[in-house]
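# Examining the three-dimensional arrangement
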Amino acid sequence: MGNTIFSKIISKEIPADIVFETENVLAFRDIKPQAPVHILIIPKKEIPTIREINGKTDAVLLGEMIDAANEIAKKENISEDGFRLVFNCGNNGGQEVYHIHMHLLGGRKFNWPPG
Ligand code: 5GP
C-alpha cells in the first residue's frame, strides 16, 4: 500500500472513526477537529495532491466525493445551515497529508477570507 497515514486508515492498519465507506471513497472524523463537525473525505485511490487530478478521467470519483459530502452533511445535521468543503494543495495551501482529502466542516459559522 501507499506511504501516507491515510493509506493505513484505508487498509484498517490504524483506527479511525469512519462515518462513510464505499468501494471508492472513505470518510472519517479528523483527529484534530476545527469545527463541531470535521470529516475528511478521501478517495481510496492514491492521488497525492489536487494537481494530479485530471478533470476528465477523475470526474466520476470527484462526483462520488461530493455525493458523500452531501449524504454525510445530512446525517450530521449540518446540511440545512450550510457547511464548507476544502481541499488544501501543497505548501502554500497548508496541505499536511499527501493523499488528497476533502475537509467537510460544519456546525459553526466560518469566516471569509480564510486565514
Ligand atoms: P491537510 O492539512 O493536509 O489539508 O489536512 C490533514 C488533516 O488530517 C488534518 O486536519 C489532520 O488533523 C488530519 N489528520 C492527520 N493525521 C490523522 C490521523 O491519523 N487520523 C485522522 N483521523 N486525521 C488525521
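Presented here is a report on the structure given in the accompanying data block. Since we're looking at a predicted model, the values are computed, not measured. (Residues numbered from 1 in each chain as written. Predicted model: local features only at pLDDT ≥ 70, side-chain atom pairs only at ≥ 80, totals over all residues. Heavy atoms only, no water.)

## Structural notes on the site of the ligand
Taken together, 16 residues lie around the ligand, and D30, N88, E96, H101 and H103 are the ones closest in. Interatomic distance of 2.9 Å between a backbone N/O atom of G94 and an oxygen atom of the ligand. Within the backbone of E96, an N or O atom sits 2.6 Å from an oxygen atom of the ligand. Across the complex, the protein chains shield 86% of the 520 Å² of accessible surface that the ligand would expose by itself. Most atoms of the ligand, that is more than half of them, are within 2 Å of grid points of the largest pocket. If you list the elements that add at least two residues to the shell around the ligand, you get α1 (5–10) and β2 (25–29). Examining the composition of the shell around the ligand, we find that 3 residues originate from one element, α1, more than from any other. Class assignment of the residues belonging to the shell around the ligand gives a composition of 7 nonpolar, 5 polar and 4 charged. (Near = heavy atom within 4 Å. Polar contact = N/O pair within 3.5 Å; in protein donor to acceptor, adjacent residues only side chain to side chain. Areas by Shrake-Rupley, 256 points an atom, 1.4 Å probe, with all protein chains shown as cover. 1 Å grid on protein atoms, 1.4 Å probe; cavity = no way out; pocket = protein on both sides within 12 Å on 5 of 7 lines; lining within 4 Å. Sits in = over half its atoms within 2 Å of the grid points. Helix = DSSP H or I, 4+ residues; strand = E, 2+ residues; numbered from the N terminus. Nonpolar A, V, L, I, M, F, W, Y, C, P; charged D, E, K, R; others polar.)

## Re the pairing of strand β1 (residues 18–21)
In this structure, β1 lies alongside β2, joined through 3 bridges in antiparallel fashion. Residue E21 lies in a different strand from β2, and its bridge partner there is L26. Hairpin geometry of β1 and β2 is characterised by an intervening segment of 3 residues between the two adjacent antiparallel strands. (Pairing = 2+ DSSP bridges.)

## Considering the nonpolar core
Ranked by size, the top nonpolar core spans 18 residues in total, and within it V25, I39, I41 and I72 carry the most contacts. Going through the elements one at a time, β2, β3 (37–43), α2 (59–75) and β5 (102–106) are the ones with two or more residues in this core. By residue number, the principal contributor to this core is α2, which donates 6 residues. With sequence-adjacent residues up to four places away left out, I72 is seen in contact with V19, F20, A27, I39, I41 and L104. Judged by nonpolar contacts, the second largest core, of 8 residues, contains F6, L26, I42 and V97. (Core = buried A, V, L, I, M, F, W, Y, C linked by side-chain atoms within 4.5 Å. Buried < 20%, exposed > 50% of the residue type's maximum accessible area, 1.4 Å probe, protein only. Contact = heavy atoms within 4.5 Å.)

These figures capture arrangement, not role.
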